[in-house]
Amino acid sequence: MSGLPHSKGHGGRAHGGATPRSAHRRRQNRAMTRSYDLIVIGAGMAGVSAANKCASQGWNVAIVDALPYGGTCALRGCDPKKILRRGAEIIDSARLMRGKGIDDEGLSLNWTDLMKHKHGFTDPVPRNMEGSLAGNGIDTLHGLARFTDKTSIEIDGTPYHATHFLIATGARPRPLEFPGHEHLVDSTDFLDLEILPPRIMFVGGGFISFEFAHISARAGSAPVIVDRGARPLKAFDPDLVELLITRGTGVGIELQRSTTITAIEQTPTGYQVSVERSGQAESREFDLIVHGAGRTPDLSSLDLDAAGVAWDERGVHVAAHLQSTTNPAVYAAGDSANTPGMPLTPVAVFEGKVAASNMLKRITAVPDYAGVPTAVFTIPELARVGMLEQEARDEGIDLDVRYSDTSGWYSNYRIGETTAAAKILIDRSSDRIVGAHLLGPEYGELINFLALAMKLDLTTRQLKSMTTAYPTVGSDLGSML
């Protein structure tokens, strides 16, 4: 060990005993160890909400993160992404109104200025969040945490003890194994690009690839999405996904389905990507390749085995009330926990709050995942709440599928949008919504009405009795039902 003489005391350690110096050091470390009621590992929205809740009830709380405070959503995901999308929306909206009163000739997206606008939001987040936590009496720690036993961690070598832990470390890009995978950038890198290159490949057919491709296409790039499967965006209604794909093709987004990347090689002018599609080998060059092929819980650095915490690639094994099944001192929330909840920031937040309540009150409350909506913020956006049509049929529900092509409705005619649709799934026996799927401008807001109806167990008759402001997108809901 560094700092210890190489000659003295070595024989004692070789015989399995502890030297007086090492025993003294352990006693000294125990005396110096800071103890807390709760240590939260991960300063994203799940961790912060739990830390604040427990601190408000008088607990001695610390929170730690190796990255700047704020988590993926505020710094590297949802929020900055939607700021960049705003620039793309303006371009698209102007083009839709071409010949309808708007002359968009010469209109372009200035990526550098748009990125500065994004930084105006993201840059203050870590400082403001850490200041807020400290103001609530929470110790804000920095560094890489790892467990040393069931109730202790080290942060860059400094020991800490707690009665309770909440693991809320989020997710990281799923490892890829083809030759040249190291040349990919992740979503964090994309959201910090100083210059947007013209030729971009997005690997994977999920949220990240589609959202970034829709931004890139309006910013002047030629994006290509490569998906191993035949059906991208599997979590969404397949009929609406196909409409979205057609809309994307019209603005220059290329989708390659059933395509497997076999290798990536760097060239003097970019990256040569070799793929296999329909049994045929193909090769193409790109300037940038972005990882959008899924994420996995970011747990590997925590040394959870030292704490006796069972986990796998889906997250920490937790009971329904979010407590570790193998170490009662540990709870987990958000992407870190293996739960039925979708990998969404609002889900992480309410899981963090439920975990905090369970620790504070020593109860076993279970999060309510009913009526949680989700959206992929393409242009236009695609939203969902509840079951897919096939899921509902598989459960034997007497299903009434209410499909509407809303592209010609006033709300979309007004802005020139020609791609929009709604599919509402109703249980005939109860007149209640079991699923809703929307594709169209502002439908990410409209889905919240349907989510609330499901949450409150409203019938469609009750929902249609609502009087809405007119003309608004919300006023279309009655006709969709």
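The model shown is predicted, which means the values in this text are computed figures rather than measured ones. (Residues numbered from 1 in each chain as written. Predicted model: local features only at pLDDT ≥ 70, side-chain atom pairs only at ≥ 80, totals over all residues. Heavy atoms only, no water.)

> Tell me about the environment of Leu 176, residues and numbers included.
Locating Leu 176 in the fold gives a position in the loop between strand S7 (171-173) and helix H8 (187-190). Taking the C-alpha atoms as reference points, Leu 176 and Ala 293, 117 residues apart in sequence, are found 8.5 Å from one another. The contacts of Leu 176, once residues within four sequence positions are left out, are His 181, Leu 184, His 291 and Ala 293. (Helix = DSSP H or I, 4+ residues; strand = E, 2+ residues; numbered from the N terminus. Contact = heavy atoms within 4.5 Å.)

> Let's hear about the sheet that holds strand S10 (residues 254-256): which residues, and what values?
Taken together, four strands build an open sheet; the order of strands is S10-S9-S8-S14 and the sheet is parallel. Looking at which strands have only one partner, the edges of the open sheet turn out to be S10 and strand S14 (288-291). Adjacent strand axes in the sheet meet at a mean angle of 20° when their direction is disregarded. Where strand S9 (residues 222-226) meets S10, three bridges bridge the pair, whose relative direction is parallel. The residue bridging Val 226 from the neighbouring strand is Gln 256, located in S10. (Pairing = 2+ DSSP bridges. Axes fitted to C-alpha atoms, helices over the stretch in contact; angles between N-to-C directions.)

> Tell me about the packing of aromatic side chains, residues and numbers included.
Within the structure shown, the criterion is met by seven aromatic pairs. Measuring from centroid to centroid gives 5.9 Å for Phe 190 and Phe 202, while their planes differ by 65°, and the two rings are edge-to-face. Here Phe 202 lies in strand S8 (residues 199-203) and Phe 190 lies in helix H8, a separation of 12 residues in the sequence. Exposure remark for Phe 202: the relative accessible area of 0% places this residue in the buried category. (Phe/Tyr/Trp six-rings, centres within 6.5 Å; stacked < 30°, edge-to-face > 60°. Buried < 20%, exposed > 50% of the residue type's maximum accessible area, 1.4 Å probe, protein only.)

> Describe the pattern of salt bridges, with residues and values.
Per the counting criterion, the structure on display carries 27 salt bridges. Between Lys 423 and Glu 389 there is a salt bridge; the shortest N-O distance is 2.9 Å. With Lys 423 in strand S23 (residues 421-427) and Glu 389 in helix H12 (residues 389-394), this residue pair connects regions lying 34 residues apart in the sequence. You can call Lys 423 buried: its relative accessible area is 3%. (Salt bridge = Lys/Arg side-chain N within 4 Å of Asp/Glu carboxyl O.)

> Mind laying out unusual backbone geometry, listing which residues take part and the relevant values?
Omega for the bond connecting Ile 379 with Pro 380 falls within 30 degrees of zero, at 0°, which places this linkage in the cis form. Its location among the elements puts Pro 380 in the loop between strand S20 (374-376) and strand S21 (381-386). The backbone phi angle of Leu 322 is positive, close to 80°, even though this residue is not glycine. Considering the arrangement of structural elements, one finds Leu 322 in the loop between strand S17 (315-317) and strand S18 (330-332). Within the chain, Asp 457 stands out as a residue other than glycine whose phi angle is a positive 60°. Among the secondary structure elements, Asp 457 is positioned in the loop between helix H14 (443-455) and helix H15 (460-464).

> Give me H14: which residues, what numbers.
Taking 1.5 Å of rise per residue, the 13 residues of H14 would be expected to cover 18 Å, and the 18 Å separating its terminal C-alpha atoms lies within 8% of that figure. All of the buried residues along H14 are Tyr 443, Gly 444, Leu 446, Ile 447, Leu 450, Ala 451, Ala 453 and Met 454. The arc that holds every buried residue of H14, seen down its axis, measures 155°, which confines them to one face. Tucked inside the fold, the buried residues of H14 contact S21, helix H13 (410-413), S23, strand S24 (432-440), H15 and helix H16 (477-480). Where H14 ends, the next residue or the one after it, Asp 457, has phi of about 60°, a positive value. (Expected span 1.5 Å × (residues − 1). Arc of directions from axis to C-beta.)

> Run through the confidence of the model for the chain, naming residues and quoting values.
The predicted model of the chain has a mean per-residue pLDDT of 93, with 93% of residues at 70 or higher. Below a pLDDT of 50 lies the segment residues 1-28, which in the model reaches nine contacts outside its immediate sequence neighbourhood of four places, other chains included. (pLDDT = per-residue confidence, 0-100.)

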